[in-house]
Amino acid sequence: MWKFVSVRPFLVLVSVAALAACSTSNETTHPQSFSKAPEQLKKQIEHMDEALFSAFNTCDIATFTNYLTPDVEFYHDEGGLMLSAASQAEGLKMRCAEQSKNGELRRELVRASLEVYPIKNYGAVEIGTHNFYRTLPGKPEKLTTVAKFMHIWQQDGKQWRVSRIISYAHSATD
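Values in this document were obtained by computation on a predicted structure and should not be read as measured data.

Cut-offs and rules
- Residues numbered from 1 in each chain as written.
- Predicted model: local features only at pLDDT ≥ 70, side-chain atom pairs only at ≥ 80, totals over all residues.
- Heavy atoms only, no water.
- Disulfide = S-S within 2.5 Å.
- Helix = DSSP H or I, 4+ residues; strand = E, 2+ residues; numbered from the N terminus.
- Buried < 20%, exposed > 50% of the residue type's maximum accessible area, 1.4 Å probe, protein only.
- Patch = residues over 30% accessible without salt bridge, like charges linked within 9 Å, V, L, I, M, F, W, Y side chains within 5 Å.
- Areas by Shrake-Rupley, 256 points an atom, 1.4 Å probe, with all protein chains shown as cover.
- Salt bridge = Lys/Arg side-chain N within 4 Å of Asp/Glu carboxyl O.
- Polar contact = N/O pair within 3.5 Å; in protein donor to acceptor, adjacent residues only side chain to side chain.
- Contact = heavy atoms within 4.5 Å.
- Phe/Tyr/Trp six-rings, centres within 6.5 Å; stacked < 30°, edge-to-face > 60°.
- Lys NZ or Arg CZ within 6 Å of the ring centre and 35° of its normal.

Moving on: the state of the cysteines. Counted according to the given criterion, the structure contains one disulfide. Between Cys 59 and Cys 96 runs a disulfide, and the two sulfur atoms are separated by 2.0 Å. Taking the sign of the S-S torsion, about -95 degrees here, the bridge from Cys 59 to Cys 96 comes out left-handed. Separated by 37 residues along the polypeptide, Cys 59 in the loop between α2 (39-57) and α3 (61-66) and Cys 96 in helix α4 (residues 85-97) bring together distant segments of the chain. Of the two residues, Cys 59 and Cys 96, both sit in the buried class.

Written as structure tokens, this is what we have:
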């Protein structure tokens, strides 16, 4: 007498093995690579990032604003949307005026996270992670926030300015 045996467990096992083989072979036969910027461009953007945030950190509003296009768009996951260099200047001015009670804020690029990609006939995109430190009166500086960012840099001759900013995934470290 024939005994009926279900093949369903066998088919499930074969299906899982086939999916695993496809996913593994896809990763090894088609490694994902991105066309990053030449080292010279990466260094240029890293230098511009440093200059922009040196002005931010020291409340040099005029210099900070000069690194922004007049129509800069700043998308912030917690703060919303700001649509001009003038609104950026006003926001920095207010933040700097409140440092005596809120503490000094300092932004620092996480250099190992920096990615730069050229944008043909325009400039470059900068992607990375930045840390924010706060120093309250009478207290040592403390890392308070980590976030991701993207800057679109526009090159006009030898001048570089940020035209779009996205700052997102803010995470408090407290």
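Attention shifts here to a nonpolar patch on the surface. Where nonpolar side chains cluster on the molecular surface, the patch consists of Tyr 75, Leu 81, Leu 83, Ile 166 and Tyr 168 and spans about 440 Å² of accessible area. Leu 83 gets classed as exposed once you look at its relative accessible area, which sits at 53%.

Another point: the side chain of Ser 167. Mapped onto the fold, Ser 167 is located in strand β7 (residues 159-172). With a relative accessible area of 5%, Ser 167 lands in the buried category. Reaching out from Ser 167, the side chain makes a polar contact with the side chain of His 170 at a distance of 3.3 Å. Apart from residues lying up to four places away in sequence, Ser 167 is in contact with Phe 74, Tyr 75, His 76, Asp 77, His 130, Lys 148 and Phe 149.

Summed over the entire model, instances satisfying the criterion amount to two aromatic pairs. The interplanar angle of 65 degrees and the centroid separation of 5.6 Å between the aromatic rings of Phe 53 and Phe 56 together place this pair among those described as edge-to-face. Of the two residues, Phe 53 and Phe 56 both sit in helix α2, three residues apart, roughly one turn of that helix. Here Phe 53 falls in the buried class, since its relative accessible area comes to 10%. With 5.9 Å between their ring centres and 50 degrees between their planes, Phe 56 and Phe 64 make a pair best called tilted. Of the residues examined, Phe 56 reaches a relative accessible area of 12% and is grouped as buried. Through pairs of rings, three or more aromatic residues link up here, namely Phe 53, Phe 56 and Phe 64. Of note, Arg 95 hangs over the ring of Phe 56, and the distance from its end group to the ring centre comes to 4.4 Å.

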